[in-house]
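What follows is the residue order along each chain.
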Amino acid sequence: MLIVQLALVSETQTNQISPSQLNRVAAALQKQATRDFGPLWQVDATVDAFDRLEDVPVGYWPLIVVDDVPDAAGFHTDENGQPFSLIEFGDSWSLTASHEMLEMCADPFGNRLIAGKSPHPDQGVVEFLVEVSDPSEAAEFGYTVNGLLVSDFFTPRFYDPVTTEGVRYSFGGHITKPRQVLRGGYISWREPVSNEWWQQTWFKGSEPKFRNLGPLTGSGSLRAAIDAKTKTVSRLAVSGPASKPFSAARTLTALAKESTNARAEAWRAEIGRLKVSNPAAKAWKGKKS
């Protein structure tokens, strides 16, 4: 299969993301893509961190961290139709980066549709836009990778016609039946008779609500248009730090930092012992002096 090659780059004006932090998030996203997402969706992806956009090799699709995202639309395509994602910087930006990474892997060009029965009782078969992180996108349903908060996502069984016992509908197990929207999430679809776009959202209140977006106009991707109307990136940036999983992730990150620091010191000590005990190293040192 073709490999999805993604580049994580920071373009924040305030330089709030250090190269070390950028690499740590890229490593967490790579592990999530390889260990969690890839086997379920049959996708092979790489995620690498780069210091500048100028360093991104040709053929990579960028995930770009910025201070503010115009129209809160995370997904875009460039003048050649190639995809890129914008991630709004914030305390929990790893959650947004994971959200964008997963959806880039599942639907790189933002136009993938899957037919299924509409959640709306007055509609028949509709076409769902494949946005794997949206139904369970809220931070409360996220989980940690390498001590960093990442997004939950649904599996291909999410579009099954009926509920089946023992089936995994989302990675974290929070979604328990096909086409289910969790608190803080949404799904989007096109109703072919009217050619109107609809959503089921659960942003407020005690249960999901239906929303008629009307026809989508323009030549851009469907996902870019939906993102702009739904303000996904901004909601994630605001809601993430207030969630319990984010607090747990910060605690875990601090504990993990202690472990990695201890391991680094152990490696340095081992290197020092090798230099002392290795005759070739002693000889080389003598030649240099």
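In what follows, the accompanying structure is described.

Attention now goes to the packing of aromatic side chains. On inspection of all chains with the given rule, the structure shows 14 aromatic pairs. Aromatic side chains Phe-37 and Trp-41 sit 5.9 Å apart centroid to centroid with 15° between the ring planes, which places their arrangement in the stacked category. In this pair, Phe-37 and Trp-41 are both assigned in helix α1 (residues 19–41), four residues apart and thus about one turn of the helix distant. No difference in accessibility class separates Phe-37 from Trp-41, as the two residues are buried. Relative to Phe-158, the ring of Phe-154 lies with its centre 4.1 Å away and its plane at 10°, an arrangement referred to as stacked. Look at Phe-158 and you get buried, because its relative accessible area is 1%. Among the aromatic side chains, those forming a connected cluster through ring pairs are Phe-37, Trp-41, Phe-128, Tyr-143, Phe-153, Phe-154, Phe-158, Tyr-159, Phe-171, Trp-189 and Phe-210.

Taken N-terminus to C-terminus, the directions of helix α2 (residues 93–106) and helix α4 (residues 232–239) make an angle of 145°; their axes are 9 Å apart at the nearest point. Classified by chirality, the crossing of α4 by α2 is right-handed. Contacts between α2 and α4 involve Leu-95, Thr-96, His-99 and Glu-100 from the former and Thr-232, Val-233, Leu-236 and Ala-237 from the latter.

Moving on, we get to the side chain of Gln-32. Note that Gln-32 resides in helix α1. The buried category is assigned to Gln-32, whose relative accessible area is 0%. Among the polar contacts made by the side chain of Gln-32, one reaches the side chain of Ser-98 at a distance of 2.7 Å. With sequence-adjacent residues up to four places away left out, Gln-32 is seen in contact with Phe-37, Ser-98, Met-101, Leu-102, Tyr-143, Val-145, Val-150, Ser-151 and Phe-153.

A separate point is the nonpolar core. One finds Leu-6, Leu-8, Phe-37, Trp-93, Met-101 and Val-132 to be the most contacted residues of the largest nonpolar core, which totals 53 residues. The greatest single-element share of this core, amounting to eight residues, is contributed by α1. The contacts of Met-101, once residues within four sequence positions are left out, are Leu-6, Leu-29, Gln-32, Ala-33, Val-47 and Leu-63.

What counts and how
Residues numbered from 1 in each chain as written. Predicted model: local features only at pLDDT ≥ 70, side-chain atom pairs only at ≥ 80, totals over all residues. Heavy atoms only, no water. Phe/Tyr/Trp six-rings, centres within 6.5 Å; stacked < 30°, edge-to-face > 60°. Helix = DSSP H or I, 4+ residues; strand = E, 2+ residues; numbered from the N terminus. Buried < 20%, exposed > 50% of the residue type's maximum accessible area, 1.4 Å probe, protein only. Axes fitted to C-alpha atoms, helices over the stretch in contact; angles between N-to-C directions. Left-handed = near helix turned anticlockwise from the far one by under 90°. Contact = heavy atoms within 4.5 Å. Polar contact = N/O pair within 3.5 Å; in protein donor to acceptor, adjacent residues only side chain to side chain. Core = buried A, V, L, I, M, F, W, Y, C linked by side-chain atoms within 4.5 Å.

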